[in-house]
Amino acid sequence: DEESCQRMMFPLPAIGISGVGQIGGSIALGASKRNLAERIIAYDTNEEHIRFCREAGAVSDVMPLEALAKQCSFIILAVPPEKTVPLALEVAKNAQEGTVITDVGSIKLSIVESLKDALPESVRFIPGHPIAGGTRTGPFDAQGDIFARKLVMLTPPLGIDINDPALRVVAEFW
């Protein structure tokens, strides 16, 4: 809800990242280096990605998606666009009131339309697309400063005010 979003200030107690490939791994490294959260919690189905991110110090905890959703009020979906909607719905089932979810995919309209009326009112989805990255996949080329001096396009659903607390949290994160 709006009041919960307004209380979000960095560093957060925990940031959740689902998908720690190149983009998600870079987000984890950057958030860690910039002290944006006390804990960076990751979920990924690829054990090699998880192991690499742990060893690199990019994440402090790894847990199932349900547990991540219960512990994090700010969650980044760093997965291919076709996985964003089902993942957002799964996160929302277990999310705290006031949780803000964002993504990093390049496709927006179909995702925004699919989630428009599907998420509980207590969970906010603010889509984003960082204009950074490379051609390789996986966290092995992750860089904590990959987003420095880069654009991030935020594409909130129609009707969101520029001063909306959830939008401000995502903008402040980037």
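Rules used throughout
- Residues numbered from 1 in each chain as written.
- Predicted model: local features only at pLDDT ≥ 70, side-chain atom pairs only at ≥ 80, totals over all residues.
- Heavy atoms only, no water.
- Helix = DSSP H or I, 4+ residues; strand = E, 2+ residues; numbered from the N terminus.
- Rg over C-alpha atoms; globule rule 2.2 N^0.38 Å.
- Buried < 20%, exposed > 50% of the residue type's maximum accessible area, 1.4 Å probe, protein only.
- Contact = heavy atoms within 4.5 Å.
- Areas by Shrake-Rupley, 256 points an atom, 1.4 Å probe, with all protein chains shown as cover.
- Lys, Arg positive; Asp, Glu negative; His and termini not counted.
- Charge placed at Lys NZ, Arg CZ, Asp CG, Glu CD.
- Expected span 1.5 Å × (residues − 1).
- Pairing = 2+ DSSP bridges.
- Core = buried A, V, L, I, M, F, W, Y, C linked by side-chain atoms within 4.5 Å.
- Salt bridge = Lys/Arg side-chain N within 4 Å of Asp/Glu carboxyl O.

Caption draft 1: Spatial organisation of the overall build of the chain. In terms of helices and strands, the chain carries seven helices and eight strands. Relative to its length of 174 residues, the chain is compact, with a C-alpha radius of gyration of 14 Å against a globular reference of 16 Å. For the chain, the spread of C-alpha atoms along the principal axes amounts to about 40 × 30 × 30 Å. Out of the 174 residues belonging to the chain, those deemed buried represent 49%. Residue pairs at least 24 apart in sequence account for 71% of intrachain contacts in the chain once pairs closer than 6 positions are excluded. As displayed, the chain offers around 8800 Å² of accessible surface, 50% of which is attributable to carbon and sulfur atoms. Across the chain, the 16 positively charged side chains and the 22 negatively charged ones have centroids separated by 5 Å.

Caption draft 2: Inspection of helix α2 (residues 22-33) at higher detail. Over its 12 residues, α2 runs 16 Å from end to end, which matches the ideal 16 Å to within 8%, given 1.5 Å per residue. Here α2 lies mainly inside the structure; 10 of its 12 residues are buried. Within α2 the residues assigned to the buried category are Q22, I23, G24, G25, S26, I27, A28, L29, G30 and A31. Along its buried surface, α2 packs onto β1 (12-18), β2 (37-43), α3 (47-55), β4 (74-77) and α7 (165-173). Positioned one or two residues after α2, N35 has a phi angle of 55°, which is positive.

Caption draft 3: A look at the environment of G16. Structurally, G16 can be placed in strand β1. Expressed as a C-alpha distance, the spacing of G16 and A28, which sit 12 residues apart in the sequence, is 9.0 Å. Setting aside chain neighbours within four positions, we find G16 in contact with I41, L68, C72, F74, I75 and I76.

Caption draft 4: Seen up close, the sheet that holds strand β3 (residues 61-62). Spatially, β3-β2-β1-β4-β5-β6 is the arrangement adopted by the six strands of the open sheet, whose pairing is parallel. The open sheet has two edge strands with one neighbour each: β3 and β6 (124-125). Bridge count between β2 and β3: two bridges; the pairing is parallel. Looking across to β3, one finds that A42 is bridged to V62.

Caption draft 5: Just the nonpolar core, in detail. Ranked by internal contacts, the top residues of the largest apolar core, which has 31 residues, are I15, I17, I27, I40, F74, I76 and F173. Elements supplying a minimum of two residues to this core: β1, α2, β2, α3, β4 and α7. Once residues within four sequence positions are removed from consideration, F74 is found in contact with M8, L12, A14, I15, G16, V100, T102, V169, V170 and F173. Ranked by size, the runner-up nonpolar core spans 22 residues in total, among them I41, I75, L87 and I101.

Caption draft 6: Just the pattern of salt bridges, in detail. Here the structure, examined in full by the defined rule, presents five salt bridges. For the salt bridge of E90 with K93, the shortest nitrogen-to-oxygen distance reads 3.2 Å. Residue E90 and its partner K93 are located together in helix α5 (residues 81-94), separated by three residues, close to a single helical turn.

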